[in-house]
Amino acid sequence: MWWSVPLIAVLALTFYGCPSQQNLSGSSDAAQKVYVAPGEHDEYYGMFSGGYSGQLPVYGLPSGRHLYTVPVFTQSATNGYGYNEETRPMLMTTHGYVPWDDAHHPEGSQTDGELDGRWVFMNANNTPRIARIDLTNFQTAEIIEIPNSAGNHASSFVTVNTEYVSAATRFSIPMDEDLENMDVPISSYAENFKGTISFIKVGDEGEMSVDFQILVPGFNYDLSHAGKGPSEDWAFFTSYNSEEAHTLLERNASRNDKDFIAAINWRKAADLVADGAGEDIPGEHYRNYMDHDQQLAKSELIETVRVLDPAEHPGIIYYLPTPKSPHGVDVDPTGQYIVAGGKLSSVLPVHSFEKIQQAIENEDYEGEIDGIPVLNYNSIVQAEVENAGIGTLHTEFDGNGYAYTTAFISSEIVKWSLETFEVVDRIDTYYSPGHLMIPGGDTRNPDGKYLVALNKITKDRYLPTGPELFHSAQLIDISGDKMELLLDFPTDGEPHYAQGIRADLIVDNQIRFYELEGNNHPDAVKTESEARVERDGNDVHVYMTSIRSHFTPDNIEGVKVGDNVYFHLTNIEQDWDVPHGFAVMGAQTSELLVMPGETRTLVWKPKKVGVYPFYCTDFCSALHQEMQGYVRVSPEDSDVEISYRTGTEG
Ligand code: K7E
Ligand code: CUA
């Protein structure tokens, strides 16, 4: 192979800095296409992963306007997510409380292979987890930890009816004969380290459970996508490091001419598990979910997980040889073609599902690894797309017979035909795209109108903000024969993948506020007359209400140094877009931002004697500044009794 690592490095240097910098758009035509007039709404929601922000920023498309950021794996001071008592349990893991993660792949729930607008799933790469975001209120509804896994990267891709969400180990881990994690020299990688590929079952209400894991050789499992149509019972996972290197992977994991895509018949595996196949092994993990009735997150610890050994269950997994450390794996809308991103490959390999089935039937194998048959490359490959750019990573589809692939090193998007497998168009991006997204572009029915390039390098595209810059997304019109660049917009964090979802699938189901009547939070108070302060040993509970423009109570005495003060604030407004905030001087967490009909709790441990103000943080009315109160904090041994009032002097 002419390709080599030093050559990649040279190409990287050559292409990285200097794609021609002229801006091809800027025509009034382009402006017209992305202009969303004041008061008008965008056509699509763009759900972007936040990468190392751990959140899910939401943009309107085509305008590129930043609409909201859903807090997911990271605490958010904006609304108190992960700080307040109600949402803290969402971030519980077997490693303790983990208030940050690295989120890569949002994926919308699907029905019959099409986006249905119910939920978005997103993976946490660092401390392996999958979150489910509820699109009726854009809040994180559930987070499940993935056991026996390290680096949950090939996640969270859904099957055609959201039966399952995928997960896999990016970093293999040592497991002994009983499949317990163990303490061994890193140099024993080849004999001791294993990977797992996990299938997370999704219930009717979205509730997640780890249904089973498949034990696989200690490669690095990278990306995934489920099949559709003829391949809908299958899911595909790329891997690199089939060399099983454990140091300097840059070189040591780039030696083999081919690595593998793991093709998994998830339906068959699931049926086996349902019939009692497999073995329960240790696999402690948390499942955290929002109890909607109580508006309170809850955690449960699950101890074991079911595992399948491929050697004992033939037919559940096959390896598809794939050139040179593939990255993305994408399935075309017909479900017939499986495209691998060949990041070190000179061609873009496309496997045929039909040929894969044929090869399986004929036992056309070129080998076997740990009981997993390796299919013959030449028997399964449909085409190798030539000239598809350098450093190809990810592919999406327009539903009109074309595929679009990002090329990181040559900084471009390349459009090619699914009929001739020839390149028909290419467009420069600024700079170095990772993923790309077409609304519905990984489903059975893409909306082939826009494409978003998620670029990794920003440099000179915006006014500089010192060394650290936001990332840059670019919106490209793909409705014609030639791609046309329409818009640049900056994105927060490091977006990897994104999902574009037609607005009408989401808008009609929006919750505008929570019904006070349906609020069964144990510490809710629904009228001002129920508001009160109670002492229980060193704990003081303030059951407080907010409504424009006062808190009840707003004068509190009898708190002492050393107390734990729980402010349980219920916003008793019943109207859209009237949150109230709550902050108290010296609090060691964030504010609360409480939606109408909702209850949230802030714990405060006053350290010093004094009178402390508290106030509403959200400008809620003309008399918002008046929305304030005082707590008197007395010495630890004081005999001031608890008392509270609103609107009475004294
Ligand atoms: Cu950034 Cu999908 Cu994590 Cu490729 S991954 S770029
Ligand atoms: Cu309530 Cu400001």
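Residues numbered from 1 in each chain as written. Chains lettered and ligands numbered in written order. Predicted model: local features only at pLDDT ≥ 70, side-chain atom pairs only at ≥ 80, totals over all residues. Heavy atoms only, no water.

Turning to the sheet that holds strand β1 (residues 44-48), a few remarks are in order. Taken together, the four strands give an open sheet; going across it, the order is β3-β2-β1-β34, and neighbouring strands pair in antiparallel fashion. Strands with a single pairing partner mark the edges of an open sheet, and in this sheet they are β3 (66-70) and β34 (498-502). The sheet shows a mean angle of 25° between the axes of neighbouring strands, taken without regard to direction. By the bridge criterion, four bridges tie β1 to strand β2 (residues 56-61) in an arrangement that is antiparallel. Looking at the pairing, Gly-46 lines up with Tyr-59 of β2. (Pairing = 2+ DSSP bridges. Helix = DSSP H or I, 4+ residues; strand = E, 2+ residues; numbered from the N terminus. Axes fitted to C-alpha atoms, helices over the stretch in contact; angles between N-to-C directions.)

Moving on to a negative patch on the surface. Residues Glu-177, Asp-178, Glu-180, Glu-279 and Glu-312 make up a contiguous surface patch of negative charge. Turning to its location among the elements, Glu-279 is positioned in strand β17 (residues 279-291). (Patch = residues over 30% accessible without salt bridge, like charges linked within 9 Å, V, L, I, M, F, W, Y side chains within 5 Å. Areas by Shrake-Rupley, 256 points an atom, 1.4 Å probe, with all protein chains shown as cover. Salt bridge = Lys/Arg side-chain N within 4 Å of Asp/Glu carboxyl O. Lys, Arg positive; Asp, Glu negative; His and termini not counted. Charge placed at Lys NZ, Arg CZ, Asp CG, Glu CD.)

Looking at the largest pocket, its volume works out to about 1,500 Å³. In terms of lining, the largest pocket is formed by 47 residues, of which the most central are Tyr-68, Asn-137, Phe-138, Gln-510 and Ile-511. Sorting the residues of the lining of the largest pocket by element identifies β1, β3 and β9 (139-145) as the ones contributing at least two each. (1 Å grid on protein atoms, 1.4 Å probe; cavity = no way out; pocket = protein on both sides within 12 Å on 5 of 7 lines; lining within 4 Å. Points joined across faces, edges and corners; volume = space filled by probe spheres on them.)

Its location among the elements puts Gly-50 in the loop between β1 and β2. Between the alpha carbons of Gly-50 and Asn-126 there is a distance of 13 Å; along the sequence they are 76 residues apart. When sequence neighbours within four positions are dropped, the list of residues in contact with Gly-50 reads Gln-55, Pro-57, Ala-103, Asp-492, Gly-493, Glu-494 and Pro-495. (Contact = heavy atoms within 4.5 Å.)

Here we take up the site of ligand 1. Taken together, the residues surrounding ligand 1 are His-104, His-105, His-153, Leu-223, His-327, His-394, Gly-434, His-435, Lys-456 and His-496. Every element with two or more residues in the shell around ligand 1 is listed here: β6 (103-111) and β30 (433-437). Of the residues assigned to the shell around ligand 1, the class counts are one nonpolar, eight polar and one charged. (Near = heavy atom within 4 Å. Nonpolar A, V, L, I, M, F, W, Y, C, P; charged D, E, K, R; others polar.)

The subject of this paragraph is unusual backbone geometry. Residue Ser-156 follows Ser-155 across a cis peptide bond; omega there is 5°. Along the chain, Ser-156 turns up in the loop between β9 and β10 (164-168). In this structure, the amide linkage connecting Thr-552 to the following residue, Pro-553, adopts the cis form with an omega of -5°. Mapped onto the fold, Pro-553 is located in the loop between β37 (550-552) and β38 (555-560). A positive phi angle, close to 65°, is found at Leu-179, a residue other than glycine. Looking at the secondary structure, you find Leu-179 in the loop between β11 (173-174) and α3 (189-192). A relative accessible area of 9% places Leu-179 in the buried class. Despite not being glycine, Phe-421 has its phi angle at roughly 55°, a positive value. By the element assignment, Phe-421 lies in the loop between β28 (412-417) and β29 (423-428). (Buried < 20%, exposed > 50% of the residue type's maximum accessible area, 1.4 Å probe, protein only.)

On inspection of all chains with the given rule, the structure shows 29 aromatic pairs. Centre to centre, the rings of Tyr-44 and Tyr-450 are 6.1 Å apart; their planes meet at 90°, and the pair counts as edge-to-face. Of this pair, Tyr-44 sits in strand β1 while Tyr-450 sits in strand β31 (residues 450-455), placing them 406 residues apart in sequence. On the basis of relative accessible area, Tyr-450 is assigned to the buried category, the value being 7%. (Phe/Tyr/Trp six-rings, centres within 6.5 Å; stacked < 30°, edge-to-face > 60°.)

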